Amino acid sequence: MHTYGAYCGLDCDACPARTAHVADDLVKLEELARQAREEWGMAEATPDTVRCVGCYGDPPDPLLSYCFECGVRACARERGLPTCAECPEYVCEQLKKIIEAYPEAGRNLEARRAKG
């Protein structure tokens with residue numbers, strides 16, 4: 001089970017943007033910015049814009065640009081849930097897409113539900 005996760009069950013401790021930010025690893029942050037520009041089409045990506053404190057951060061904490069737009073994050077925050085595992089509508093369509101792409105997120109949420 002993750003120790004610093006996201007609402008959707010992703011493990012923020014394993015995220016290169018979070019680990020590079022926490023370590024202030026400028027080489028890794030530049031590598032991530034290059035990857036964002038070249039592979040993800042984020043033309044404006046810089047080492048500062050790929051920094052991320054994790055899903056539970058709030059401005060002015062740095063979050064990857066997508067995280068600010070994430071519908072799952074917005075929904076869980078609006079409902080005041082610590083994770084999607086506590087949601088009465090678990091597993092919704094938005095979350096299902098994340099779990100399909102990242103099965104570990106689903107396993108993390110299921111483990112949390114089992115502790116329940």
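Shown above is the structure to which this text applies.
So, how was this worked out
- Residues numbered from 1 in each chain as written.
- Predicted model: local features only at pLDDT ≥ 70, side-chain atom pairs only at ≥ 80, totals over all residues.
- Heavy atoms only, no water.
- Helix = DSSP H or I, 4+ residues; strand = E, 2+ residues; numbered from the N terminus.
- Contact = heavy atoms within 4.5 Å.
- Disulfide = S-S within 2.5 Å.
- Buried < 20%, exposed > 50% of the residue type's maximum accessible area, 1.4 Å probe, protein only.
- Phe/Tyr/Trp six-rings, centres within 6.5 Å; stacked < 30°, edge-to-face > 60°.
- Core = buried A, V, L, I, M, F, W, Y, C linked by side-chain atoms within 4.5 Å.

Draft legend 1. Summary view of the environment of Lys-28. By the element assignment, Lys-28 lies in helix 2 (residues 26-39). C-alpha separation for the pair Lys-28 and Pro-47, spaced 19 residues apart in sequence, amounts to 8.4 Å. Discounting residues that sit within four places of it in the chain, Lys-28 has contacts with Pro-16 and Ala-20.

Draft legend 2. Representation of the state of the cysteines in the model. In total, this model carries 0 disulfides according to the counting rule given. As a non-bridged cysteine, Cys-84 has Cys-92 as the owner of its nearest cysteine sulfur, 6.2 Å distant. We classify Cys-84 as buried; its relative accessible area is 9%.

Draft legend 3. A look at the packing of aromatic side chains. Evaluation of the coordinates by the stated rule reveals 1 aromatic pair. Relative to Tyr-56, the ring of Tyr-7 lies with its centre 4.4 Å away and its plane at 65°, an arrangement referred to as edge-to-face. Taken together, the residues Tyr-7 in the segment before helix 1 (16-23) and Tyr-56 in the loop between helix 2 and helix 3 (65-69) connect sequence positions 49 residues apart. A relative accessible area of 6% places Tyr-7 in the buried class.

Draft legend 4. Structural detail: unusual backbone geometry. Each neighbour pair has its own omega, and for Tyr-90 with Val-91 the value is 0°, a cis peptide bond. The topology assignment puts Val-91 in the loop between helix 4 (71-79) and helix 5 (93-101). At Asp-24, a position not held by glycine, the phi torsion is positive, near 50°. The topology assignment puts Asp-24 in the loop between helix 1 and helix 2.

Draft legend 5. Structural context of the nonpolar core. Grouped together as the largest cluster of nonpolar side chains are 18 residues, with contacts concentrated most on Cys-8, Val-72, Cys-84, Leu-95 and Leu-109. Put simply, the parts of the chain that give this core at least two residues each are helix 4, helix 5 and helix 6 (103-115). By residue number, the principal contributor to this core is helix 5, which donates 3 residues. Among residues more than four places away in sequence, those in contact with Leu-109 are Tyr-7, Cys-8, Gly-9, Thr-83, Cys-84, Ala-85, Tyr-90, Leu-95 and Ile-99. Ranked by size, the runner-up nonpolar core spans 12 residues in total, among them Ala-20, Ala-36, Val-53 and Cys-67.

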